[in-house]
Amino acid sequence: GDSFSGFDIDLMDEICRRNGFTCEYRAYAVLPGLEAVARGEADIALGGLGISTEREAYGTFTCPYRQGNVANVPIFALSPSVDPATARIAVLGDSLSHQALIGEGYTAVPFDDLASAITSVLNGETDAYHGNPNSLNLVEGAPDKLTQIGSVQGRGSGAAFLVSSARPRLVALLNDSFAILHRDGHLQEMGDRWFGPGRFRPPEDIGVDCGMVMSAR
């Protein structure tokens, strides 16, 4: 079966563990995943989803657990001589990284999953890959073969989970969980592990306006 890893997976696993749930994951490209949530076939869409008005048509966003404009996300290539300004840069489609590349005028080549994006650089289909360093571990040999050639400042309104409108109580539980994990340091610990020290920052008010929904009752 599919093997799932990443910051969002670690975050959801911890939330499920603390609440006594069993997490079941299914792989989708971004748009089909949003549509699955809209149809009620999936409870939550996750994976670094940027918050946007257009995506609100598919469900209800949680409060953001990560700011969208604080991290310098690396660009990797097989050779240090590759110029990011002219490179075809592989990226996860419809992600915050995709938004950042387009916003800075780079040539973005979207893929349905991170492993395919990374593999495209190794086989010469694209020139570079934009994503966090830990994601290189998804493809055997990639961390040794790819070298950083630049970085792009993250952008957007932040990353959140999108929840099916059929599960309104789940939004409150997730918001509350984000705040608790932020307060006890686990959210920052996971962010530092996946994005590197100093590259992850949750919204400062996550524990004030965006969280503690249930525990404040």
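Residues numbered from 1 in each chain as written. Predicted model: local features only at pLDDT ≥ 70, side-chain atom pairs only at ≥ 80, totals over all residues. Heavy atoms only, no water.

### Structural notes on the sheet that holds strand β2 (residues 60-61)
We count it as follows: Note on pairing: two strands pair once DSSP finds at least 2 bridges between them. Helical segments are the DSSP runs of H or I of at least four residues, strand segments are the runs of E of at least two, and each set is numbered from the N terminus. In this analysis, two residues are considered to be in contact whenever any of their non-hydrogen atoms come within 4.5 Å of each other. Fitted lines through C-alpha atoms give the axes, limited to the stretch in contact for helices. The angle between two N-to-C directions lies from 0 to 180 degrees.
Taking strand neighbours across the sheet as the criterion, the three strands line up as β1-β8-β2 in an open arrangement whose pairing is antiparallel. On the outer flanks of this sheet lie β1 (44-50) and β2, each paired with one strand and no other. With two bridges connecting them, β2 and strand β8 (residues 159-163) associate as antiparallel partners. For F61, the partnering residue across the bridge sits in β8 and is L162. Helix-sheet contacts for helix α1 (residues 7-19) involve β1 and β8, and the interaxial angle to β1 is about 140°. In the packing of helix α2 (residues 30-39) onto the sheet, contacts are made with β1 and β8, and the angle to β1 comes to roughly 140°.

### Thoughts on the state of the cysteines
To keep it simple, the criterion reads: What counts as a disulfide here is a pair of cysteine sulfur atoms lying within 2.5 Å. For every residue, the accessible area (1.4 Å probe, protein chains only) is compared with the maximum for its type, and the residue is labelled buried under 20%, exposed over 50%, or partly exposed between those bounds.
As enumerated under the stated definition, the model contains one disulfide in all. Each sulfur of the disulfide joining C16 and C23 lies 2.2 Å from the other. Residues C16 and C23 share a disulfide whose torsion about the S-S bond is about 110°; that sign makes it right-handed. Of the residues examined, C23 reaches a relative accessible area of 25% and is grouped as partly exposed.

### A look at the sheet that holds strand β5 (residues 107-111)
Backbone-to-backbone hydrogen bonds join strands into a sheet, with any given pair of strands oriented parallel or antiparallel. On the basis of which strands lie adjacent, the open sheet formed by five strands has the order β5-β4-β6-β3-β7 and mixed pairing. Edge strands, defined here as strands with exactly one partner in the open sheet, are β5 and β7 (147-153). Ignoring strand direction, the axes of neighbouring strands in this sheet form an average angle of 30°. As paired strands, strand β3 (residues 72-77) and β7 are joined by six bridges and run antiparallel to one another. Within β7, the position partnered with I75 by the bridge is G150. Sitting on the sheet, helix α3 (residues 96-103) is in contact with β3, β4 (88-92), β5, β6 (128-130) and β7, with an inclination near 150° to β4.

### Here we look at the pairing of β8
Counting buried positions over the five residues of β8 gives five, a clear majority of the element. Pairing of β1 with β8 involves four bridges; the strand directions are antiparallel. Each residue of the ladder has a partner; that of I44, found in β8, is V163.

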